[in-house]
Amino acid sequence: MIRTMLLALILISAPLAALAQDDTKGSNPGAEHKLSIGTGIGFATPIAHINPPVDNGQTGFEWQLDIMYRITKSIAVGAWMQVVPVDQFVGFSLTGEARYHFNFLQSRKGFLGKLTPYVGGGIGLYHVGGPNGNLSYDGLLFSFPVGIEFDLTDRIALTNEMRFNFMAAANKGPLSDTFYYSWQMIGARFRF
């Protein structure tokens, strides 16, 4: 059993070690461009009210758009927007946010050298409304993205992002325990 586990560990780690070899030239050109626009599609979970437990609908399609400006190679600031049309309502979010890009892989060659993970945080507003007005509320949104960019060229990157959203509803109290998450499964970033 131990031999099998060791063999499995070697088989898994050998390709990763080969990918992680150092390269003298950096391969993350995305940090050199200051302005970028990102867009993507994915899904968002239903808005869940924790107190009392309520589930408002089904998981739905979501579309995101952001404009970011790099202050340094690691820090970017900008605006993020999301639209979530689901059966009985449409959600709209707009935040200002900051992101920190981890550039520790840029000196690697191959696949790893093209990856740039990031985390962030933002604050803004949201609106949720239904066609017949039975579900409508607005409030403050605290949004926390965790994502990764994969450079195709120095100006275009593929993106994948998970976002955790905490909503304080103006008409449900400032601490309404309202939460949803969204996953941008297919995205692209265009740098200028």
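All of these numbers come straight from a predicted model, not from anything done at the bench.

Draft legend 1. Molecular detail of the side chain of Glu 161. Relative to the helices and strands, Glu 161 resides in strand S9 (residues 156-169). According to the relative accessible area criterion, Glu 161 is buried, its value standing at 2%. At 2.5 Å, the side chain of Glu 161 and the side chain of Tyr 118 are in polar contact. Residues in contact with Glu 161, not counting those within four places in the same chain, are Gln 64, Trp 80, Arg 99, Tyr 118, Pro 145, Val 146, Gly 147, Ser 182, Trp 183 and Gln 184.

Draft legend 2. Structural view of the pattern of salt bridges. Here the structure, examined in full by the defined rule, presents nine salt bridges. As a salt-bridge pair, Arg 99 and Asp 66 come within 3.3 Å of each other at their nearest N and O atoms. Placement of Arg 99 in strand S6 (residues 89-101) and of Asp 66 in strand S4 (residues 60-70) is noted, with a sequence separation of 33 residues between them. Judged by relative accessible area, Arg 99 falls into the buried class, the value being 2%.

Draft legend 3. A look at the nonpolar core. Counting residues in each nonpolar core, the largest one holds eleven residues, listed as Ala 44, Trp 80, Val 84, Val 86, Phe 89, Tyr 126, Val 128, Tyr 137, Leu 141, Met 167 and Tyr 180. Looking at this core, the elements with two or more residues in it are strand S5 (75-86), strand S7 (115-129) and strand S8 (136-151).

Draft legend 4. Molecular detail of the environment of Leu 141. Structurally, Leu 141 is set in strand S8. Sequence spacing of Leu 141 and Gly 124 is 17 residues, and the spatial spacing of their C-alpha atoms is 5.1 Å. Here Leu 141 is in contact with Trp 80, Ser 93, Thr 95, Gly 122, Ile 123, Gly 124, Leu 125, Tyr 126, Asn 165, Phe 166, Met 167 and Tyr 180, once residues within four sequence places are set aside.

Draft legend 5. Structural context of the confidence of the model for the chain. Confidence in the prediction of the chain, expressed as mean pLDDT, is 79, and 70% of residues score 70 or more. Mean pLDDT across the elements of the chain ranges from a minimum in helix H1 (residues 2-19), with 45, to a maximum in strand S1 (residues 35-44), with 95. Low pLDDT, under 50, characterises residues 4-9; the predicted model gives this stretch zero contacts beyond four residues in sequence or across chains. Low pLDDT (under 50) marks residues 11-27, which in the prediction has 21 contacts with non-local residues, meaning those over four places away or in another chain.

Draft legend 6. Local environment of the pairing of S1. Relative to S4, S1 is paired through ten bridges, and the arrangement is antiparallel. Looking at the pairing, Ile 37 lines up with Ile 67 of S4. Pairing between S1 and strand S10 (residues 178-191): nine bridges, direction antiparallel. Along S10, the bridge assignment pairs Gly 40 with Gly 187.

The rules behind the values
- Residues numbered from 1 in each chain as written.
- Predicted model: local features only at pLDDT ≥ 70, side-chain atom pairs only at ≥ 80, totals over all residues.
- Heavy atoms only, no water.
- Helix = DSSP H or I, 4+ residues; strand = E, 2+ residues; numbered from the N terminus.
- Buried < 20%, exposed > 50% of the residue type's maximum accessible area, 1.4 Å probe, protein only.
- Polar contact = N/O pair within 3.5 Å; in protein donor to acceptor, adjacent residues only side chain to side chain.
- Contact = heavy atoms within 4.5 Å.
- Salt bridge = Lys/Arg side-chain N within 4 Å of Asp/Glu carboxyl O.
- Core = buried A, V, L, I, M, F, W, Y, C linked by side-chain atoms within 4.5 Å.
- pLDDT = per-residue confidence, 0-100.
- Pairing = 2+ DSSP bridges.

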